[in-house]
Amino acid sequence: MIRIGKIVATHGINGDLILTHVLGNSKWLKKEHILQVEMQKGSYIPYFISQCKENNNKEYIIHIEDINKIESAKKLVTKHVYVDESILIAFARQSPLLWIGFRVNDREKGDLGTIEDVMQTGNQWLAKLTYKNTEVLIPLIDQTIESLDIKAKTINVVLPDGLLEVYLGE
């Protein structure tokens with residue numbers, strides 16, 4: 001499962017919810033999809049979408065089966081939402097925000113660590129990770145990404161010569 005966002009508010013009096021997401025494209029969520037809501041750390045409850053409507057590129061207004069009152073819906077507000085990786089395969093390359101938690105492997109240096117955060121600078125995405133107790137930023141561009149495995153949650157990269165040494169002061 002991949003965390004895609006969270007429920008931020010109720011909408012109306014019939015139990016509708018506002019789901020924010022990190023995909024940037026609101027065409028991915030469908031009525032037949034199942035959302036896994038993290039009710040407690042490590043405890044996920046499946047919820048079936050009965051209606052979903054694109055609000056903007058960062059939000060959906062959704063209605064979940066069996067939640068028809070605002071009181072029931074309020075229990076889901078602030079909860080993180082996950083979906084199965086298979087739903088996101090087509091969107092994975094478009095949204096590096098989904099890559100938080102992925103392991104990064106360099107062709108020469110091997111395992112570099114886990115992506116802790118991603119940020120966008122202009123048209124380029126950067127991954128923040130800790131390598132040898134030092135924070136480093138790795139460019140997430142076609143020239144550095146060799147392969148991306150959503151199921152294994154790994155990214156294989158070929159970094160420019162000297163990039164890590166700049167951070168490590170070597």
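The structure we're discussing is the one just above.
Residues numbered from 1 in each chain as written. Predicted model: local features only at pLDDT ≥ 70, side-chain atom pairs only at ≥ 80, totals over all residues. Heavy atoms only, no water.

## Looking at the overall build of the chain
Within the chain, the regular secondary structure consists of three helices and 13 strands. Principal-axis analysis of the C-alpha atoms gives the chain an extent of 60 × 30 × 25 Å. Taking all 170 residues of the chain together, 39% fall into the buried category. Restricting to contacts in the chain with at least 6 residues of sequence separation, those with at least 24 account for 54%. With an accessible surface of roughly 9400 Å², the chain has 48% of that area assigned to carbon and sulfur atoms. Across the chain, the mean location of the 20 positive side-chain charges is 7 Å away from that of the 22 negative side-chain charges. (Helix = DSSP H or I, 4+ residues; strand = E, 2+ residues; numbered from the N terminus. Buried < 20%, exposed > 50% of the residue type's maximum accessible area, 1.4 Å probe, protein only. Contact = heavy atoms within 4.5 Å. Areas by Shrake-Rupley, 256 points an atom, 1.4 Å probe, with all protein chains shown as cover. Lys, Arg positive; Asp, Glu negative; His and termini not counted. Charge placed at Lys NZ, Arg CZ, Asp CG, Glu CD.)

## A few points about the sheet that holds strand 2 (residues 16–21)
Spatial ordering of the closed barrel is given by 1-2-5-4-3-6, a layout of six strands whose pairing is antiparallel. Averaged over all neighbouring strand pairs, the angle between strand axes comes to 45°, with direction disregarded. Here strand 3 (residues 34–40) pairs with strand 4 (residues 43–56) via six bridges, running antiparallel. Directly across from leucine 35, in strand 4, lies its bridge partner tyrosine 47. (Pairing = 2+ DSSP bridges. Axes fitted to C-alpha atoms, helices over the stretch in contact; angles between N-to-C directions.)

## What about the environment of threonine 20?
In this fold, threonine 20 is placed in strand 2. For the pair formed by threonine 20 and isoleucine 4, sequence separation is 16 residues and the distance between their alpha carbons is 8.2 Å. Setting aside anything within four residues of it in sequence, one finds threonine 20 in contact with Ile4, Gly5, Lys6, Val8, Lys58 and Glu59.

## Details of the side chain of aspartate 16
Looking at the secondary structure, you find aspartate 16 in strand 2. It is lysine 53 that comes nearest to the buried, bridge-free aspartate 16 among opposite-charge side chains, at 7.8 Å. Reaching out from aspartate 16, the side chain makes a polar contact with the side chain of histidine 63 at a distance of 2.6 Å. When sequence neighbours within four positions are dropped, the list of residues in contact with aspartate 16 reads Ala9, Thr10, His11, Ile61, Ile62, His63 and Ala73. (Salt bridge = Lys/Arg side-chain N within 4 Å of Asp/Glu carboxyl O. Polar contact = N/O pair within 3.5 Å; in protein donor to acceptor, adjacent residues only side chain to side chain.)

## Notes on the pattern of salt bridges
Two side chains with opposite charge may pair up if their charged atoms get near one another. Within this structure, the stated rule accounts for four salt bridges. Salt-bridge contacts for arginine 103 lead to aspartate 111; the nearest nitrogen and oxygen are separated by 2.3 Å. Judged by relative accessible area, aspartate 111 falls into the partly exposed class, the value being 41%. Close ionic contact of lysine 128 with glutamate 135 constitutes a salt bridge, the shortest N to O distance being 3.9 Å. Take lysine 128: its relative accessible area is 21%, and that puts it in the partly exposed class. Overall, glutamate 135 belongs to the partly exposed group, its relative accessible area being 47%.

## Remarks on the environment of leucine 148
By the secondary structure assignment, leucine 148 is in strand 12 (residues 145–149). Leucine 148 sits in the partly exposed class, given a relative accessible area of 22%. Once the C-alpha coordinates of leucine 148 and leucine 98 are considered, the two residues, 50 residues apart in sequence, prove to be 12 Å apart.

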